[in-house]
Amino acid sequence: MRFDWRRRIALVTGLTLCGVVAAQAQENVAAAEEEKPYHITDDGTVDWPTFSGFRRYNSVCHTCHGPDGVGSTFAPALTESLKRLSYEQFFEIVVNGKQEVNTAVQKKMPAFGLDPNVMCYLDDIYAYLKARSDGAVGRGRPEKHADKPPEAAEAENACMGG
Ligand code: HEC
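Throughout this description, residue numbers start from 1 for each chain and increase along the sequence as written. Whole-chain, interface and lining totals are the exception, using all residues; otherwise, since this is a predicted model, local features are given only for residues with pLDDT of at least 70 and side-chain atom pairs are given and counted only at 80 or more. The basis for the side-chain values is all heavy atoms of the structure; hydrogens and waters are excluded.

Participant: Could you give an account of the coordination of the iron atom of the ligand, with specific residues and numbers?
Facilitator: Metal coordination here is assigned from N, O and S atoms located within 2.8 Å of the ion, or within 3.2 Å for Na, K and Ca; omission of water means that sites may look incomplete. Coordination of the iron atom of the ligand by the protein involves His65 (NE2) and Met109 (SD), with metal-donor separations of 2.0 to 2.1 Å. Irregular is the label for any site that misses the other tests, which are tetrahedral for four donors with all angles between 85 and 135 degrees, and square planar for four donors or octahedral for six when opposite donors exceed 155 degrees and the remaining angles lie between 65 and 115. Because the angles between the 6 donor atoms bound to the iron atom of the ligand fall within 88 to 179°, the donor set is best described as octahedral. Taken together, the residues histidine 65 in helix α2 (residues 48-65) and methionine 109 in strand β2 (residues 108-109) connect sequence positions 44 residues apart. Accessibility assignment for this pair places histidine 65 and methionine 109 in one class, buried. For helices the rule is a DSSP run of H or I covering at least 4 residues; for strands it is a run of E covering at least 2, with both sets numbered from the N terminus onward. Throughout this description, buried means an accessible area under 20% of the type-specific maximum (1.4 Å probe, protein chains only), exposed means over 50%, and partly exposed covers the range between.

Participant: Give a description of the site of the ligand that names residues and reports values.
Facilitator: Around the ligand lies a shell of 24 residues, among which Cys61, Cys64, His65, Arg84 and Met109 are the nearest. The term polar contact refers here to a pair of N or O atoms within 3.5 Å; inside protein, the definition further demands a hydrogen-donor-capable atom paired with an acceptor-capable atom, and it admits residues adjacent in sequence only when both atoms are side-chain atoms. Interatomic distance of 2.8 Å between a side-chain N/O atom of histidine 65 and a nitrogen atom of the ligand. Residue lysine 98 places a side-chain N or O atom 3.0 Å away from an oxygen atom belonging to the ligand. A pocket, in this scheme, is an open set of points on a 1 Å grid over the protein atoms alone with protein on both sides within 12 Å along at least 5 of 7 lines, while a cavity is a set where a 1.4 Å probe fits but cannot get out; residues line either one if an atom lies within 4 Å of a point. Occupancy of a cavity or pocket is assigned to a molecule whenever over half of its atoms lie within 2 Å of that pocket's grid points. In this structure, the ligand is accommodated by the largest pocket. Sorting the residues of the shell around the ligand by element identifies α2, α3 (78-81), α4 (87-96), β1 (98-99) and β2 as the ones contributing at least two each. Looking at the shell around the ligand element by element, the count peaks at 5 residues for α2. Considered class by class, the residues forming the shell around the ligand number 15 nonpolar, 4 polar and 5 charged. Residue proximity to a molecule or strand is established when one non-hydrogen atom of the residue lies within 4 Å of it. Note on residue categories: nonpolar means Ala, Val, Leu, Ile, Met, Phe, Trp, Tyr, Cys or Pro, charged means Asp, Glu, Lys or Arg, and polar means any other residue, Gly included.

Participant: For the packing of aromatic side chains, give the residues involved together with the corresponding values.
Facilitator: Here the distance between the centres and the angle between the planes together describe a pair of aromatic rings. Ring pairs shown here join Phe, Tyr and Trp side chains whose ring centres sit within 6.5 Å, with only the six-membered ring taken for Trp; geometry is labelled stacked below 30 degrees between planes, edge-to-face above 60, and tilted in between. Throughout the structure, instances matching the rule amount to 7 aromatic pairs. The interplanar angle of 25° and the centroid separation of 6.2 Å between the aromatic rings of phenylalanine 51 and phenylalanine 54 together place this pair among those described as stacked. Taken as a pair, phenylalanine 51 and phenylalanine 54 lie in helix α2 at a separation of 3 residues, close to a single helical turn. You'll find phenylalanine 51 and phenylalanine 54 in the same group, each marked buried. Clustering of aromatic rings is evident, with ring pairs tying together Trp48, Phe51, Phe54, Tyr57 and Tyr128. Distance and angle both matter: a charge sits over a ring if NZ of Lys or CZ of Arg is within 6 Å of the ring centre and within 35 degrees of the ring normal. Directly above the ring of tyrosine 121 sits arginine 56, whose terminal nitrogen or CZ lies 3.6 Å from the centroid.

Participant: Lay out the pattern of salt bridges with the relevant residues and their values.
Facilitator: Any two side chains of opposite charge can pair, given that their charged atoms come close. Each reported salt bridge corresponds to a side-chain nitrogen of Lys or Arg within 4 Å of a carboxyl oxygen of Asp or Glu. Evaluated as defined, the whole model comprises 5 salt bridges. Salt-bridge contacts for lysine 144 lead to aspartate 43; the nearest nitrogen and oxygen are separated by 3.8 Å. Placement of lysine 144 in the loop between α6 (122-133) and α7 (150-160) and of aspartate 43 in the loop between α1 (5-33) and α2 is noted, with a sequence separation of 101 residues between them. Take lysine 144: its relative accessible area is 36%, and that puts it in the partly exposed class.

Participant: Residues and numbers for the environment of proline 110, please.
Facilitator: Among the structural elements, proline 110 can be located in the loop between β2 and α5 (116-119). The exposure class assigned to proline 110 is partly exposed, which follows from its relative accessible area of 39%. Between the C-alpha atom of proline 110 and that of glycine 97, which follows or precedes it by 13 residues, the distance is 4.7 Å. What makes two residues a contact is simply this: any of their non-hydrogen atoms within 4.5 Å. Excluding anything up to four places from it in sequence, proline 110 contacts Val94 and Gly97.

Participant: Could you give me a rundown of α4, with the residues and numbers involved?
Facilitator: The complete set of buried residues in α4 reads Phe90, Ile93 and Val94. Along the axis of α4, the buried positions cluster into a sector of 95°, meaning they face one direction only. Residues of α4 that are buried make contact with β1, β2, α5 and α6. Once α4 ends, the next one or two residues include glycine 97, with phi positive near 80°. This arc is taken over the directions from the axis of the helix to the C-beta atoms.

Spelled out as C-alpha coordinates, the structure:
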(Lines give C-alpha, C1' and ligand atoms only; values in the text may rest on other atoms or scores of the structure.)
Protein backbone atom coordinates (compact mmCIF):
# COMPACT_ATOMS: atom_id res chain seq x y z
CA MET A 1 0.00 0.00 0.00
CA ARG A 2 1.30 3.41 -0.92
CA PHE A 3 2.06 5.68 1.97
CA ASP A 4 -0.26 8.63 1.59
CA TRP A 5 1.22 11.36 3.74
CA ARG A 6 -1.53 13.84 2.92
CA ARG A 7 -4.20 11.60 4.31
CA ARG A 8 -2.06 10.82 7.24
CA ILE A 9 -1.51 14.48 8.07
CA ALA A 10 -5.22 15.17 7.65
CA LEU A 11 -6.01 12.32 9.99
CA VAL A 12 -3.53 13.44 12.64
CA THR A 13 -4.71 17.05 12.39
CA GLY A 14 -8.30 15.90 12.66
CA LEU A 15 -7.57 13.86 15.75
CA THR A 16 -5.65 16.72 17.35
CA LEU A 17 -8.51 19.12 16.65
CA CYS A 18 -10.96 16.66 18.18
CA GLY A 19 -8.74 16.48 21.25
CA VAL A 20 -8.55 20.26 21.54
CA VAL A 21 -12.31 20.65 21.13
CA ALA A 22 -12.99 17.93 23.67
CA ALA A 23 -10.55 19.45 26.15
CA GLN A 24 -12.12 22.87 25.64
CA ALA A 25 -15.60 21.48 26.20
CA GLN A 26 -14.40 19.79 29.36
CA GLU A 27 -12.87 23.06 30.55
CA ASN A 28 -16.11 24.92 29.93
CA VAL A 29 -18.04 22.38 31.94
CA ALA A 30 -15.46 22.64 34.71
CA ALA A 31 -15.71 26.44 34.68
CA ALA A 32 -19.50 26.33 34.85
CA GLU A 33 -19.42 23.85 37.69
CA GLU A 34 -16.67 25.65 39.55
CA GLU A 35 -17.85 26.53 42.99
CA LYS A 36 -17.81 30.22 43.80
CA PRO A 37 -14.93 31.10 46.11
CA TYR A 38 -17.19 33.34 48.23
CA HIS A 39 -20.41 32.88 50.16
CA ILE A 40 -22.88 35.63 50.90
CA THR A 41 -26.08 35.00 52.83
CA ASP A 42 -29.44 36.51 51.92
CA ASP A 43 -29.03 39.32 54.45
CA GLY A 44 -25.73 40.33 52.84
CA THR A 45 -23.36 38.82 55.39
CA VAL A 46 -20.11 37.92 53.63
CA ASP A 47 -18.06 34.92 54.69
CA TRP A 48 -14.73 35.35 56.46
CA PRO A 49 -12.45 34.81 53.40
CA THR A 50 -14.29 37.52 51.45
CA PHE A 51 -14.00 39.98 54.33
CA SER A 52 -10.36 39.10 54.93
CA GLY A 53 -9.71 39.52 51.20
CA PHE A 54 -11.33 42.96 51.30
CA ARG A 55 -8.95 44.02 54.05
CA ARG A 56 -5.86 42.53 52.42
CA TYR A 57 -6.69 43.90 49.00
CA ASN A 58 -7.16 47.35 50.48
CA SER A 59 -3.86 47.19 52.32
CA VAL A 60 -1.60 46.02 49.48
CA CYS A 61 -3.16 46.05 46.01
CA HIS A 62 -5.33 49.18 46.16
CA THR A 63 -2.35 51.53 45.90
CA CYS A 64 -2.04 50.59 42.23
CA HIS A 65 -5.32 48.89 41.32
CA GLY A 66 -7.55 51.49 42.95
CA PRO A 67 -9.98 51.14 45.87
CA ASP A 68 -12.35 48.14 45.67
CA GLY A 69 -10.63 46.83 42.53
CA VAL A 70 -11.97 49.56 40.27
CA GLY A 71 -8.60 50.28 38.66
CA SER A 72 -6.50 53.39 38.26
CA THR A 73 -4.57 55.16 35.54
CA PHE A 74 -1.61 53.00 36.55
CA ALA A 75 -3.05 49.49 36.85
CA PRO A 76 -6.09 47.66 35.43
CA ALA A 77 -9.44 47.18 37.19
CA LEU A 78 -9.20 43.70 38.69
CA THR A 79 -13.01 43.50 38.82
CA GLU A 80 -12.76 43.39 35.01
CA SER A 81 -9.63 41.23 34.84
CA LEU A 82 -11.28 38.46 36.84
CA LYS A 83 -14.01 38.13 34.23
CA ARG A 84 -11.36 36.72 31.93
CA LEU A 85 -8.54 35.38 34.11
CA SER A 86 -8.75 31.92 35.66
CA TYR A 87 -7.75 31.34 39.26
CA GLU A 88 -4.49 29.77 37.98
CA GLN A 89 -3.69 32.77 35.81
CA PHE A 90 -4.47 35.19 38.64
CA PHE A 91 -2.26 33.19 40.99
CA GLU A 92 0.60 33.02 38.48
CA ILE A 93 0.59 36.79 37.85
CA VAL A 94 0.61 37.66 41.55
CA VAL A 95 3.41 35.19 42.27
CA ASN A 96 5.66 36.13 39.35
CA GLY A 97 4.58 39.67 38.52
CA LYS A 98 4.00 41.01 35.05
CA GLN A 99 5.43 43.74 32.92
CA GLU A 100 3.84 45.22 29.90
CA VAL A 101 6.31 45.45 27.06
CA ASN A 102 6.24 48.12 24.37
CA THR A 103 4.75 50.83 26.52
CA ALA A 104 6.19 54.29 26.81
CA VAL A 105 5.41 54.34 30.52
CA GLN A 106 6.92 51.63 32.68
CA LYS A 107 4.02 49.82 34.27
CA LYS A 108 5.00 46.89 36.34
CA MET A 109 3.07 44.41 38.45
CA PRO A 110 5.46 43.41 41.25
CA ALA A 111 6.07 39.74 42.08
CA PHE A 112 4.58 38.86 45.45
CA GLY A 113 5.59 35.19 45.54
CA LEU A 114 7.90 35.72 48.51
CA ASP A 115 5.62 38.06 50.45
CA PRO A 116 3.70 36.18 53.16
CA ASN A 117 1.42 39.18 53.68
CA VAL A 118 0.09 38.52 50.20
CA MET A 119 0.66 34.79 49.69
CA CYS A 120 -0.97 33.74 52.98
CA TYR A 121 -4.11 35.64 51.98
CA LEU A 122 -4.16 35.18 48.24
CA ASP A 123 -7.20 32.88 48.25
CA ASP A 124 -9.02 35.48 50.37
CA ILE A 125 -8.04 38.26 47.98
CA TYR A 126 -9.22 36.13 45.08
CA ALA A 127 -12.54 35.42 46.80
CA TYR A 128 -13.11 39.12 47.44
CA LEU A 129 -12.19 40.19 43.91
CA LYS A 130 -14.29 37.43 42.37
CA ALA A 131 -17.28 38.55 44.45
CA ARG A 132 -16.68 42.14 43.31
CA SER A 133 -16.26 41.00 39.72
CA ASP A 134 -19.52 39.01 39.83
CA GLY A 135 -21.32 42.01 41.32
CA ALA A 136 -22.07 40.04 44.50
CA VAL A 137 -20.27 42.56 46.71
CA GLY A 138 -20.45 46.33 46.29
CA ARG A 139 -17.86 48.99 46.86
CA GLY A 140 -16.51 49.81 50.31
CA ARG A 141 -16.29 47.74 53.45
CA PRO A 142 -18.84 44.91 53.61
CA GLU A 143 -21.29 45.85 56.36
CA LYS A 144 -21.72 42.42 57.87
CA HIS A 145 -19.27 39.55 57.90
CA ALA A 146 -19.00 36.12 59.48
CA ASP A 147 -16.65 35.67 62.44
CA LYS A 148 -13.18 34.39 61.82
CA PRO A 149 -13.33 30.60 62.14
CA PRO A 150 -10.64 28.90 64.30
CA GLU A 151 -9.37 27.00 61.22
CA ALA A 152 -8.65 30.29 59.46
CA ALA A 153 -6.66 31.51 62.46
CA GLU A 154 -4.71 28.26 62.54
CA ALA A 155 -3.99 28.28 58.82
CA GLU A 156 -2.89 31.90 59.07
CA ASN A 157 -0.49 31.20 61.94
CA ALA A 158 0.98 28.20 60.14
CA CYS A 159 1.40 30.15 56.91
CA MET A 160 2.95 33.20 58.56
CA GLY A 161 5.32 30.90 60.43
CA GLY A 162 3.93 31.89 63.82
C1 HEC B 1 3.12 48.79 42.40
C2 HEC B 1 1.81 48.72 41.76
C3 HEC B 1 1.03 47.42 41.89
C4 HEC B 1 0.65 46.74 43.04
C5 HEC B 1 0.96 47.11 44.48
C6 HEC B 1 -0.14 45.61 42.60
N7 HEC B 1 -0.23 45.60 41.24
FE8 HEC B 1 -1.17 44.20 40.10
N9 HEC B 1 -0.60 45.15 38.41
C10 HEC B 1 0.10 46.35 38.36
C11 HEC B 1 0.26 46.75 36.96
C12 HEC B 1 0.95 48.01 36.46
C13 HEC B 1 -0.35 45.73 36.18
C14 HEC B 1 -0.43 45.65 34.64
C15 HEC B 1 0.80 44.93 34.18
C16 HEC B 1 0.74 44.51 32.75
O17 HEC B 1 -0.35 44.35 32.21
O18 HEC B 1 1.81 44.30 32.18
C19 HEC B 1 -0.88 44.75 37.13
C20 HEC B 1 -1.55 43.61 36.74
C21 HEC B 1 -2.16 42.73 37.62
C22 HEC B 1 -2.95 41.59 37.21
C23 HEC B 1 -3.24 41.19 35.77
C24 HEC B 1 -4.43 41.98 35.31
C25 HEC B 1 -4.85 41.71 33.90
O26 HEC B 1 -5.91 42.22 33.50
O27 HEC B 1 -4.15 40.97 33.18
C28 HEC B 1 -3.39 40.99 38.34
C29 HEC B 1 -4.26 39.74 38.45
C30 HEC B 1 -2.89 41.75 39.46
N31 HEC B 1 -2.15 42.80 38.98
C32 HEC B 1 -3.17 41.47 40.79
C33 HEC B 1 -2.67 42.21 41.87
C34 HEC B 1 -2.95 41.89 43.26
C35 HEC B 1 -3.86 40.77 43.74
C36 HEC B 1 -2.26 42.78 44.01
C37 HEC B 1 -2.16 42.84 45.51
C38 HEC B 1 -1.66 41.67 46.18
C39 HEC B 1 -1.55 43.67 43.08
N40 HEC B 1 -1.84 43.30 41.80
C41 HEC B 1 -0.73 44.72 43.47
C42 HEC B 1 0.58 47.06 39.44
C43 HEC B 1 0.46 46.69 40.76
